[in-house]
Amino acid sequence: MARGRAGVALLTTALLLAPAAAPGSGQPAHAAAGGTRFSGWHKAASGAPKTFGAALGTPGGYAFADDAQRVEGAASTGAAPTLTAGRSYRSTLPASGPVHYGVQLDGTSNAYVSVTAVPPAGGTAAVSDGLKVSLRDGDGRSCDLDTATFGAGRSPRPVSAWAARETSPRRSLCREAGTYYVSVERADPDGRGASPEPWELELAVASEPPVKEEGATGAPGTWNSATPDPLTGEEQRRPGGAGFAEAALIGEGVWRDDIRPGRTVFYRVPVDWGQQLHVTAELGGSGSGRSGFVPSALDLDLYNPVRGHVADLGIGYDGSQKTESLTPLPPVAHANRQAPNSKVSAVRFAGSYYLVAHLSAEVAEEFGDEPVPFVLRVRVGGSAQDGPGYQGDSVPAGIFTVTDEDREAAAEGTADGDGIAMRALAVGGIGTGSALLLGLGVWTVVARRRATP
């Protein structure tokens, strides 16, 4: 009992301290637990993420990074605004035509540009529509191109695409320092059912330094490509976040949420060098007693630490429980980038891997708008190994590492009230004795207010 009361007092104190770091106060918002190592990329950890209930006032119910800088893309490259590595940006994509942004790149680092498009909630979507992102050098030569579409589900949701500039000796183009241009446009704005409204964008740029020693010149050889049995054990309830920056932190385990039709939830899993990620997704029974079938009810996408697409799966749904697993992936290795297979190539660095699940709006038409049980069975195999040995620091700092804090928070799955409060107190620099007294005082005031008729 004494420990529980102390936890309540400390948690109350943490809540009092929270406004000092609220967005808009001039300080970046920080997650209560698990920490924020850098700006704009991910902020939720084992504390409560921003769920869709908190994001309903934003376009498409998506939680943009709190510190995202508003920038408008240009109709031509000559007027393109410059994006800086390590920052998160928010922009708008018109219904037709591309918009352009500039990035200043050196001649030694790899650079990655990720773009997430958020269509308005409640709209329509064409099967072939989505997002197209390209990167070109100052002479207009193509460095990379990626397209992400809504697919057969035709359910509007956040879609993400990425473009990379690599300075590998194997590449002859796009290795020079200078200004490069990112172009973003709709994949098929004239497709049947395509949304006529502009979309909101979230853009981010990351920089990866060269390695000290080049190491292997080819892709890794054999690896265990067998699909293991799905992880068993007690389900832990873990609501997903509403965006990349607010993705809920999970580790190995069985994680349960209830997802409404038309919604998208975000999770992140720390995966270190040498480790192998296996994921199985389940949809539970609807409980509506209605019959029907939705061919692409659940879309689950896996993204790497720079939000580059790795793999995906789809689940058809008839109202009864359904299960599907992601294609087996190799252990995380720097040399994976040399593989011709895009799924293998994308598993090229350690860090947070993102699981993004979307339940089609069509599920509501067939089975009602009640939440559907959703389970992720996550297995992280293998022992963590040393990284490749970078010559410098990444931007954002730490994006290609897994910290002890990440491992601890992911293993716990969720932080208790005492843990959240203690971390807040550590940041605030308040002594434990003073915090206890202050917390107990506030607890008394709250109790009196509740007792007031």
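About the thresholds
- Residues numbered from 1 in each chain as written.
- Predicted model: local features only at pLDDT ≥ 70, side-chain atom pairs only at ≥ 80, totals over all residues.
- Heavy atoms only, no water.
- Helix = DSSP H or I, 4+ residues; strand = E, 2+ residues; numbered from the N terminus.
- Buried < 20%, exposed > 50% of the residue type's maximum accessible area, 1.4 Å probe, protein only.
- Contact = heavy atoms within 4.5 Å.
- Areas by Shrake-Rupley, 256 points an atom, 1.4 Å probe, with all protein chains shown as cover.
- Pairing = 2+ DSSP bridges.
- Disulfide = S-S within 2.5 Å.
- pLDDT = per-residue confidence, 0-100.
- Arc of directions from axis to C-beta.
- Core = buried A, V, L, I, M, F, W, Y, C linked by side-chain atoms within 4.5 Å.
- Phe/Tyr/Trp six-rings, centres within 6.5 Å; stacked < 30°, edge-to-face > 60°.

What about the overall build of the protein?
Counting its secondary structure elements, the protein contains seven helices and 20 strands. Within the span of the protein, comprising 453 residues, buried residues form 50% of the whole. Sequence-distant contacts in the protein: of pairs separated by 6 or more residues, those separated by 24 or more amount to 75%. Total accessible area on the protein is roughly 19,500 Å²; 50% of this is exposed by carbon and sulfur atoms.

Digging into the pairing of strand E3 (residues 88-93)
The sheet contact formed by strand E1 (residues 69-70) and E3 spans two bridges and is parallel. Paired with Gln69 across the strands is Tyr89, a residue of E3. By the bridge criterion, six bridges tie E3 to strand E10 (residues 199-208) in an arrangement that is antiparallel. Across the sheet, the residue bridging to Ser88 is Ala204, located in E10.

Quick look at the state of the cysteines
Going through the model one piece at a time under the given rule, you end up with one disulfide. Linked covalently through their sulfurs, Cys143 and Cys174 form a disulfide whose S-S length is 2.0 Å. Taking the sign of the torsion about the S-S bond as the criterion, the disulfide between Cys143 and Cys174, at about -90°, is left-handed. Here Cys143 is found in strand E7 (residues 142-149), whereas its partner Cys174 is found in the loop between strand E8 (159-165) and strand E9 (178-186), with 31 residues between them in sequence. Side by side, Cys143 and Cys174 carry an identical accessibility label, which is buried.

Describing the sheet that holds strand E5 (residues 110-118)
The strand order across the open sheet formed by five strands is E1-E3-E10-E5-E8, and the pairing between neighbours is mixed. The open sheet has two free edges, formed respectively by E1 and E8, since each of these has just one partner strand. Here E5 pairs with E8 via seven bridges, running antiparallel. Considered in E8, the bridge of Ser114 is made with Trp162.

Some thoughts on the sheet that holds strand E18 (residues 322-325)
Read across the sheet, five strands follow the order E11-E13-E20-E15-E18 without closing on themselves; strand pairing throughout is mixed. Looking at strand neighbours, the two that pair on one side only are strand E11 (236-237) and E18, the edges of this open sheet. Relative to strand E13 (residues 253-259), E11 is paired through two bridges, and the arrangement is parallel. Each bridged residue has a counterpart across the sheet, and for Gln236 the counterpart in E13 is Trp255.

A closer look at unusual backbone geometry
Residue Pro396 follows Val395 across a cis peptide bond; omega there is 0°. With a phi angle near 50°, Arg154 is a residue other than glycine that sits in the positive phi range. Even without being glycine, Cys174 reaches a positive phi, approximately 60°. When its relative accessible area of 8% is taken as the criterion, Cys174 is described as buried.

Observations regarding the confidence of the model for the protein
Averaged over every residue, the pLDDT of the protein is 82; residues scoring 70 or more account for 77%. With pLDDT under 50 throughout, residues 1-39 is counted as low confidence; its partners more than four residues away or in other chains account for 74 contacts.

Topic: helix H5 (residues 404-412)
Taken together, the buried positions of H5 are occupied by Asp406, Ala409 and Ala410. In an axial view of H5, the angular spread of the buried residues amounts to 100°, which keeps them on one side of the axis. Exposed residues on H5 whose side chains face more than 90 degrees from its buried face are Asp404 and Ala411. If you follow the buried residues of H5, they end up packed against strand E12 (248-249), E13 and strand E14 (264-271).

Some points on the nonpolar core
As a rule of thumb, nonpolar side chains are buried together in soluble globular proteins. Counting residues in hydrophobic clusters, the biggest one holds 52 residues, and the most contacted among them are Leu277, Leu283, Leu355, Phe374, Leu376 and Val378. Setting aside residues up to four positions removed in sequence, Phe374 forms contacts with Trp255, Arg256, Asp257, Asp258, Ile259, Val265, Tyr267, Ala281, Glu282, Leu283, Leu298 and Ala357. In terms of nonpolar packing, the next biggest core, distinct from the first, is built from 30 residues, Val71, Tyr101, Ala125 and Val205 among them.

Looking at the packing of aromatic side chains
Summed over all chains, the structure comprises 11 aromatic pairs. Ring centres of Tyr62 and Phe64 lie 4.9 Å apart, and the angle between their planes is 80°; on these two criteria the pair is classed as edge-to-face. Like Tyr62, the residue Phe64 is buried in the burial classification. Measuring from centroid to centroid gives 5.4 Å for Tyr112 and Phe349, while their planes differ by 90°, and the two rings are edge-to-face. Of the two residues, Tyr112 is situated in strand E5 and Phe349 in the loop between helix H3 (342-346) and strand E19 (351-359); the sequence distance between them amounts to 237 residues. Each member of the pair Tyr112 and Phe349 is classed as buried. In textbook terms, an aromatic cluster arises when at least three aromatic residues are bridged by ring pairs, as seen for Tyr62, Phe64, Phe244, Phe266, Tyr303 and Tyr354.

Some thoughts on the environment of Ala204
By the secondary structure assignment, Ala204 is in strand E10. On the basis of relative accessible area, Ala204 is assigned to the buried category, the value being 0%. As a C-alpha pair, Ala204 and Pro396 span 192 residues in sequence and 10.0 Å in three-dimensional space. Here Ala204 is in contact with Trp41, Arg87, Tyr112, Val113, Ser114 and Arg307, once residues within four sequence places are set aside.

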